[in-house]
Protein chains: 2
Amino acid sequence: MSRVYNFSAGPAVLPEEVLAEAAAEMMDYQGCGMSVMEMSHRSAPFQKIIDEAEEDLRDLLSIPENYKVLFLQGGASQQFSAIPMNFSAPKNGVADYIVTGQWAKKAFQEAGRFITANKIATSEDSTFSYIPDCSDLPISDNADYVYICENNTIYGTKFHTLPNTKGKDLIADQSSCFLSEPVDVSKYGMIYAGAQKNVGPAGVVIAIIREDLVPAEDLPTVPTMLQYKTQVDKKSLYNTPPCYGIYICGKVFKYLKKNGGLAEMKARNEAKAKILYDAIDESDLFSGTVRAQDRSLMNVPFVTGNPDLDAKFVKEAAEAGLVNLKGHRSVGGLRASIYNSMPAEGVQALVDFMRKFELENK
Amino acid sequence: MSRVYNFSAGPAVLPEEVLAEAAAEMMDYQGCGMSVMEMSHRSAPFQKIIDEAEEDLRDLLSIPENYKVLFLQGGASQQFSAIPMNFSAPKNGVADYIVTGQWAKKAFQEAGRFITANKIATSEDSTFSYIPDCSDLPISDNADYVYICENNTIYGTKFHTLPNTKGKDLIADQSSCFLSEPVDVSKYGMIYAGAQKNVGPAGVVIAIIREDLVPAEDLPTVPTMLQYKTQVDKKSLYNTPPCYGIYICGKVFKYLKKNGGLAEMKARNEAKAKILYDAIDESDLFSGTVRAQDRSLMNVPFVTGNPDLDAKFVKEAAEAGLVNLKGHRSVGGLRASIYNSMPAEGVQALVDFMRKFELENK
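Residues numbered from 1 in each chain as written. Chains lettered and ligands numbered in written order. Predicted model: local features only at pLDDT ≥ 70, side-chain atom pairs only at ≥ 80, totals over all residues. Heavy atoms only, no water.

### Digging into the overall build of chain A
How we decide: Helical segments are the DSSP runs of H or I of at least four residues, strand segments are the runs of E of at least two, and each set is numbered from the N terminus. The globule rule used here is 2.2 Å times the number of residues to the 0.38 power, and the radius of gyration it is set against is calculated over C-alpha atoms. Each residue is placed in one exposure class: buried if its accessible area under a 1.4 Å probe, protein chains only, is under 20% of its type's maximum, exposed if it is over 50%, and partly exposed if it falls in between. Two residues form a contact once any of their heavy atoms are found within 4.5 Å. Think of it this way: Lys and Arg go in the positive column, Asp and Glu in the negative one, and His and the chain ends go nowhere. Each charge is placed at NZ for Lys, CZ for Arg, CG for Asp and CD for Glu.
Counting its regular elements, chain A contains nine helices and 14 strands. At 21 Å, chain A has a C-alpha radius of gyration in line with the 21 Å of a compact globule built from 362 residues. Projected onto its principal axes, the C-alpha positions of chain A cover 65 × 60 × 30 Å. Each of the 362 residues in chain A was classed as buried or not, and the buried ones make up 65%. Counting contacts in chain A only where the partners sit at least 6 residues apart, residues at least 24 apart contribute 67% of the total. Averaging the locations of the 37 positively and 46 negatively charged side chains of chain A gives two centres separated by 2 Å.

So this is what it looks like as structure tokens:
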């Protein structure tokens, strides 16, 4: 077995310890005589897995009691429709979107199928390289919510200050920064995240929803599976959930708790990001693409300014065991995603390689 | 490691060989230096995994070229809404449902949210213990399709003859009989199946759709993720798919090919089912609950007629390593699901245990 340093933006690196445990339990989960993949979702062992996953997540994020935790399917893209269908169409049918990247834009466009979605701020004028000032935006009086993508995986920006929503509920896609640092859940109406960046395998979405926002009645024109009420009423077990993915997420939650929780993750992530951003800032070859104050701790885009040299870097880095450093197909250049599970040694190895590459390509 | 015989209706037993391979590849998939869980869905190794999965499935089922194969999320329950939204609401808004169990009933009820769904036959009068005569049903002149659940997991019935749809397209939920025997795909407009019964882990739905049925244009009021056009256009990679689940399904497809394909599966499944049904029919204690001609090869419900004795059987069988024999919570009694991956030895062990139990409980 030979592991690489995997800088993929998602699906992304997971803790080796978690993978080793999953491998060891593959044929026989804790004496059950079967894999978690083979286990009824109505069985006692699986109920324990999903209950503990929720409990550990609540501990990690100090989730208040009046918030529900759901394990869903369909990725963030499916939430792009579920959110307006549940939280706005049955109310005022109006919501405000802050568009800071491709995923916020897709969420905004999808909402337009079901409600009046207003784009109240954007940084598209500058290839989403910054987070707009959101201290005094023209929030709609009748907005049912304000929507953000809190960390922009492709562009490498993050809201370091939440927008002033002027009393409206904030809904945040935290897919690429989920569990990377402590969060005050009570500031949000809903937080959700695709698991495949910082938490687990693709195929699981975690949603944390303030309970008063969940529609009390069936929404007759909304697919049952897309109604949060369905999933809340049945505690994510309306139908068969993505059991194995939830099991892996649960292991990651336990790993995070054992390793100091989210305060420690934040400290580690800040230290790792500093190593990489410092190297970029000190370099004559590489430069960052994001306004310094808006930089993400998770996704670090950079460029040489020469697409051929970028390609050479990606290729030679991969040969050195540093893989998935190509920027997103929509923007090009380079990008290192350094989620919780990327060890500091991996970031150091990347920085060392960057310095060597710069010397060789002056 | 000690494996049990797992008669769960789903998620259900998988081939040991597949699980062992997955465990061995967990930390380093074929020299990639990472798990399939950590792999970008846009990477070459994952593209190969999903391409081969589709190719092997096409081989197994001899899927004609004018059918698309999709790997989706959300379970069969999500298809219950997607099917009428895609295939009927944009056309005549009428479809005919044959209701032979709980899942067909749920599909029928869900369709009613979006179209006029007609229940043209049902066996609910007799606790779904048989398949109605479908040779000359009152098919609606303007029906956009006729819908069946081909194998009824809970009740243990199967359509051994497909309904006469009088020229309308047939849509079949094959979740619990998928890949259990050869099928003439060209007789269907769409076949779909949740993977977690006969194919892989929960969180993957496989859909096989005749391409002319896929709407050519965007459906403006339908969530993008629920539009088959979205998934067909992007070959199941519109957003991050359930990568690890697809990888396991792909391994099962290869396992089935290596073991003689679906003709061999059918022979094995018939032999296994015969052992169990013969034992039930010969017993003075146990009796089947399904009309003989409609019996499923996959799900075998039976009862002692005494709920306390049923419970004792479930408990003692589990102690003997024969687990998940309790009937579905909606019907009670006993049920053995004997999917492809249940070895003949498991069925024989069950039958031996039944005989012993009968002697001890005369």
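### Some thoughts on the packing of aromatic side chains
Each pair of aromatic rings is reported with the distance of its centres and the angle of its planes. This is how it is decided: When two rings of Phe, Tyr or Trp (its six-membered ring) have centres within 6.5 Å they constitute a pair, described as stacked for plane angles under 30 degrees, edge-to-face for angles over 60, and tilted for the intermediate range.
For the structure shown, the criterion picks out 29 aromatic pairs over all chains. For the ring pair Tyr97(A) and Tyr145(A), a centre distance of 5.9 Å and an interplane angle of 70° mean the geometry is edge-to-face. Residue Tyr97(A) is located in strand β3 (residues 94-99), and its partner Tyr145(A) is located in the loop between β4 (116-122) and β5 (146-149); the two are separated by 48 residues in the primary sequence. In terms of burial, Tyr97(A) and Tyr145(A) fall into one category: buried. Aromatic side chains Phe302(B) and Phe313(B) sit 6.1 Å apart centroid to centroid with 85° between the ring planes, which places their arrangement in the edge-to-face category. Taken together, the positions of Phe302(B) in strand β12 (residues 299-303) and Phe313(B) in helix α8 (residues 307-319) put the pair eleven residues apart, joining distant regions of the chain. Summarising the burial analysis for this pair, Phe302(B) and Phe313(B) share the class buried. Of the aromatic side chains, those joined through ring pairs into one cluster are Tyr29(A), Tyr244(A), Tyr247(A), Tyr29(B), Tyr244(B) and Tyr247(B).

### What about the pairing of strand β10 (residues 205-210) of chain A?
Residue and element names in this part refer to chain A. The criterion, for reference: Only strands joined by at least two bridges in the DSSP assignment are considered to pair.
Counting buried positions along β10 yields six of six residues, so the element is predominantly enclosed. Residues Val205, Ala207 and Ile209 line one face of β10 and the alternating positions Ile206, Ile208 and Arg210 line the opposite face, and both faces are buried. Across five bridges, strand β9 (residues 190-194) lies against β10 in antiparallel orientation. Bridging from a neighbouring strand, Tyr192 pairs with Ala207 of β10.

### A short note on the layout of surface pockets
Threshold: Definitions used for this entry: grid spacing 1 Å over protein atoms alone; cavity, a set of points where a 1.4 Å probe fits but cannot get out; pocket, an open set with protein on both sides within 12 Å along at least 5 of 7 lines; lining residue, one with an atom within 4 Å of a point. Grid points are joined across faces, edges and corners, and a volume is the space filled by probe spheres set on the points. Ten residues, namely Ala, Val, Leu, Ile, Met, Phe, Trp, Tyr, Cys and Pro, are considered nonpolar, four, namely Asp, Glu, Lys and Arg, are considered charged, and the remaining ones, Gly among them, are considered polar.
Here the largest pocket is characterised by a volume of approximately 940 Å³. Lining the largest pocket are 41 residues, with Ser8(A), Gly10(A), Arg335(A), Ser40(B) and Arg42(B) sitting closest to its centre. Those elements that place two or more of their residues in the lining of the largest pocket are α3 (75-87), α8 (307-319) and β13 (322-323) of chain A together with α2 (44-61) of chain B. The greatest single-element share of the lining of the largest pocket, amounting to three residues, is contributed by α3(A). When its residues are assigned to classes, the lining of the largest pocket shows 18 nonpolar, 17 polar and six charged. Taken as a whole, the second largest pocket encloses approximately 700 Å³ of empty space. Contributing to the lining of the second largest pocket are 33 residues, with Ser40(A), Arg42(A), Gly10(B), His328(B) and Arg335(B) lying nearest its centre.

### Focus on the packing of helix α1 (residues 16-24) of chain B against helix α6 (residues 243-258) of chain B
All names here are of chain B. Applicable threshold: Angles run from 0 to 180 degrees between N-to-C directions of axes, and those axes are lines fitted to C-alpha atoms, restricted for helices to the stretch in contact. Our angle categories are set so that under 35 degrees counts as roughly parallel, over 145 as roughly antiparallel, 65 to 115 as roughly perpendicular, and the remainder as oblique. Two helices that cross are described as forming a left-handed crossing if the nearer one is turned anticlockwise from the farther one by less than a right angle, and a right-handed crossing if clockwise.
Remark: α1 packs on α6, axes separated minimally by 10 Å, with the N-to-C direction vectors making an angle of 135°. Relative to α6, α1 is oriented oblique. Along this stretch, α1 crosses α6, giving a crossing that reads as right-handed. Judged by residue contacts, Glu17, Val18, Glu21 and Ala22 of α1 engage Tyr244, Tyr247, Ile248, Lys251, Val252, Tyr255 and Lys258 from α6. When the residues that make up the contact of α1 with α6 are grouped by side-chain class, the tally is seven nonpolar, no polar and four charged.

### Description of the sheet that holds strand β11 (residues 287-288) of chain A
Residues and elements named next belong to chain A. Taken in spatial order, the three strands line up as β11-β12-β14 in an open sheet, and their pairing is antiparallel. Each end of this open sheet is capped by a strand with a single partner; those strands are β11 and β14 (334-337). Bridge count between strand β12 (residues 299-303) and β14: four bridges; the pairing is antiparallel. The residue of β14 that forms the bridge with Pro301 is Arg335.

### Things to note about the interface of chain A and chain B
Think of interface size as the accessible area that goes away when the parts come together; that is how it is often given. Basically, it comes down to this: Basic side-chain nitrogens of Lys or Arg form a salt bridge, by our definition, when they fall within 4 Å of a carboxyl oxygen of Asp or Glu. N or O atoms within 3.5 Å of each other form a polar contact, as long as, within protein, one can give a hydrogen and the other can take it, and as long as residues adjacent in sequence are counted only when both atoms are side-chain atoms.
Listed as interface residues are 65 residues of chain A and, on the opposing side, 65 residues of chain B. Viewed at the interface, chain B and chain A are joined by four salt bridges. With its nearest N and O atoms 2.8 Å apart, the salt bridge here joins Asp218(B) to Arg113(A). Applying the counting criterion to the chain A and chain B interface returns 31 residue pairs in polar contact (both at pLDDT 80 or more). Broken down by secondary-structure element, the contributors of at least two residues to the side of chain A that touches chain B are α1 (16-24), α3, α4 (102-111) and α6 (243-258) of chain A. Partitioned by chemical class, the residues of the side of chain A that touches chain B number 33 nonpolar, 22 polar and ten charged.

### Considerations on unusual backbone geometry
Following Gly10(A), the chain continues to Pro11(A) via a peptide bond in cis, the omega torsion being -10°. The phi angle at Lys235(A) is positive, at roughly 50°, despite the residue not being glycine. Along the chain, Lys235(A) falls in the loop between α5 (228-233) and α6. Although it is not a glycine, Ser62(B) adopts a positive phi angle of roughly 45°. Along the chain, Ser62(B) turns up in the loop between α2 and β2 (67-72). A relative accessible area of 58% places Ser62(B) in the exposed class.

### Quick notes on the relation of the copies chain A and chain B
The following threshold applies: Overlaid copies result from least-squares superposition on C-alpha atoms, with residues included only where pLDDT is at least 70 in both.
You can overlay chain A on chain B at an RMSD of 0.0 Å; the transform is a turn of 180° with a shift of 0.0 Å along its axis. On this basis, the relationship between the two copies can be described by a two-fold rotation axis. Scanning chain A for the C-alpha nearest the rotation axis identifies Ala23(A), at a separation of 2.2 Å. An overlap of 100% is found between the interface residues of chain A and their copies at the interface of chain B, pointing to a shared contact surface.

### Quick look at the pattern of salt bridges
Residue and element names in this part refer to chain A. Inspection of the entire model under this criterion finds 58 salt bridges over all chains. Ionic pairing is found between Glu282 and Arg355, a salt bridge with its closest N-O pair at 3.6 Å. Here Glu282 is found in helix α7 (residues 261-282), whereas its partner Arg355 is found in helix α9 (residues 344-360), with 73 residues between them in sequence. Overall, the relative accessible area of 58% leaves Glu282 in the exposed class.

### Topic: the side chain of Ser337(A)
Within the fold, Ser337(A) resides in strand β14. Polar side-chain contacts of Ser337(A) include one of 2.9 Å to the side chain of Asn299(A).

### As for the nonpolar core
Heads up, the condition is: Take the buried residues of types Ala, Val, Leu, Ile, Met, Phe, Trp, Tyr and Cys, join any two whose side-chain atoms come within 4.5 Å, and each joined set is a nonpolar core.
The biggest cluster of nonpolar side chains holds 123 residues, and the ones touching the most others in it are Tyr244(A) and Tyr244(B). With near-sequence residues (within four places) excluded, Tyr244(A) lies in contact with Ala22(A), Met26(A), Ser35(A), Val36(A), Met37(A), Met26(B), Met37(B) and Tyr244(B). In terms of nonpolar packing, the next biggest core, distinct from the first, is built from 74 residues, Ile154(A), Tyr238(A), Leu72(B) and Val99(B) among them.

### Examining the sheet that holds strand β5 (residues 146-149) of chain B
Adjacent strands of a sheet pair through backbone hydrogen bonds, lying either parallel or antiparallel. All names here are of chain B. The seven strands lie next to each other as β2-β10-β9-β8-β5-β3-β4, forming an open sheet whose pairing is mixed. Looking at the sheet topology across the chains shown, the edges are occupied by β2 and β4 (116-122). Going across the sheet, the axis of each strand differs from the next one's by a mean of 20°, ignoring polarity. Judged from the three bridges that link them, strand β8 (residues 170-173) and strand β9 (residues 190-194) form a sheet pairing that is parallel. Directly across from Ala172, in β9, lies its bridge partner Ile191. The strands touched by α2 within the sheet are β2 and β10 (205-210), with β2 carrying the most contacts at an inclination of about 130°. Against the sheet, helix α3 (residues 75-87) touches β2, β3 (94-99), β5, β8, β9 and β10, its axis set at about 160° to β9.

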